[in-house]
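Remarks on the overall topology
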Amino acid sequence: MPIQLLSPQLANQIAAGEVVERPASVVKELLENSLDAGATKIEIDIEKGGHKRIRIKDNGSGIEKNELQLALSRHATSKITTLDDLEQILSLGFRGEALASISSVSRLTLTSRTQAQTEAWQAYCEGREMAVNIQPAAHPVGTTIDVADLFYNTPARRKFLRTEKTEFQHIEEVIKRIALSYPSVSFVLKHNDKVAKRFIADKEGSLTTRIGAVVGQKFIQNAVHIHAAYEGLQIDAWLGNEAMLRSSNDCQFSFVNGRGMRDKLIMHAIRQAYESVWAVIEQPSFVVYLTVDPKDVDVNVHPAKHEVRFQQGRLVHDFICKTVSDALHAMTDEASLTGMD
Ligand code: ADP
Ligand code: MG
């Protein structure tokens, strides 16, 4: 075969292989876009576990009519312009790939209105060349992205979709994680028109209220809260006690600069801290927020950004491990003291 350039659609579908694994990954990418656009209210409507439809509506900044086509193109982003920006990234997105990828493997429509516009516009992509059609629409300031029939044109991917129930559980996990890192944003999740989760921000956007809503009142009432800082690192954590050890790891949440992830180094540090107090064979419960200078952490390691690379991994590991184990030791000492009364 002669060498040929891939059609835009095929190139996007190949890229989609990395970012769009299942409906939950679409939800994650779209929510991150809404948050980057400054949304404070986000509605997520799911039909049939996301197999049939994923619709996300936000009240963020919206997209200008003349930028709709770009928003759907690959390698088009409003979030970085130089390599320097990449080295100190604060937004959740920066690859400019999500919308192009998702629209190449679904029927995606994008409806948006900015504050400066009096009407809304709707765009969708079609065909091998991914030509963008634009027409007027009705929509308040903000954006709705509707993703129907995910993987309809990539049967090999479609085969890997699990049951509606399983896919919806993955979506719920994504929403929980994101809701935990954005306590001042309200999220309403519906499945087949029924409300499944409702996390409404309180006036202060308080983390404790949000953790209580997402992880449970029992957890927030019994967990100890710690805050510590060292050499540009900061940790805020809510740590479950011995009574909150569980058989599964479903109550472990960690965030780096507002980005939820299951980073090996962080997980290891926390586990080691728990093991220094209790011979833990079960899973501890915790919500841990780490803040690091964006310059000291590389988020561009994984297309879906599930992992990060720390410039000073050892320092980060030991800082987490020490602060967490000190807090756990204090907790057990206190418990044994009250036990003696
Ligand atoms: P990235 O997030 O990496 O920039 P995306 O493909 O996810 O790439 O989005 C492309 C661009 O479309 C974004 O940079 C942003 O300007 C715009 N965009 C996408 N979703 C929204 C949204 N919900 N509100 C406002 N702008 C959006
Ligand atoms: Mg994005």
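Please refer to the structure higher up on the page.
Residues numbered from 1 in each chain as written. Chains lettered and ligands numbered in written order. Predicted model: local features only at pLDDT ≥ 70, side-chain atom pairs only at ≥ 80, totals over all residues.

1. Some thoughts on the site of ligand 1
Around ligand 1 there are 23 residues in total, and Asn33, Ala37, Thr77, Gly93 and Ala98 lie nearest to it. Elements with a contribution of two residues or more to the shell around ligand 1: helix H2 (23-36) and helix H5 (98-104). For the shell around ligand 1, the residue count by class is eight nonpolar, 10 polar and five charged. (Near = placed C-beta within 6 Å. Helix = DSSP H or I, 4+ residues; strand = E, 2+ residues; numbered from the N terminus. Nonpolar A, V, L, I, M, F, W, Y, C, P; charged D, E, K, R; others polar.)

2. Comments concerning the sheet that holds strand E9 (residues 224-230)
Here five strands make up an open sheet; going across it, the order is E9-E10-E13-E11-E12 and the pairing mixed. Looking at which strands have only one partner, the edges of the open sheet turn out to be E9 and strand E12 (259-260). As paired strands, strand E11 (residues 252-256) and strand E13 (residues 286-291) are joined by five bridges and run parallel to one another. Each bridged residue has a counterpart across the sheet, and for Phe255 the counterpart in E13 is Tyr289. (Pairing = 2+ DSSP bridges.)

3. Things to note about the sheet that holds strand E7 (residues 186-191)
Overall, mixed pairing links the eight strands, which are arranged E5-E4-E3-E6-E2-E1-E7-E8 in an open sheet. The sheet is open, and its two edges are formed by strand E5 (131-137) and strand E8 (194-199), each paired on a single side. On average, adjacent strands in this sheet sit at an angle of 15 degrees to one another, irrespective of strand direction. Those strands touched by H2 are strand E1 (41-47), strand E2 (53-58) and strand E6 (142-148), and its axis lies near 10 degrees from that of E2. (Axes fitted to C-alpha atoms, helices over the stretch in contact; angles between N-to-C directions. Contact = placed C-beta atoms within 7 Å.)

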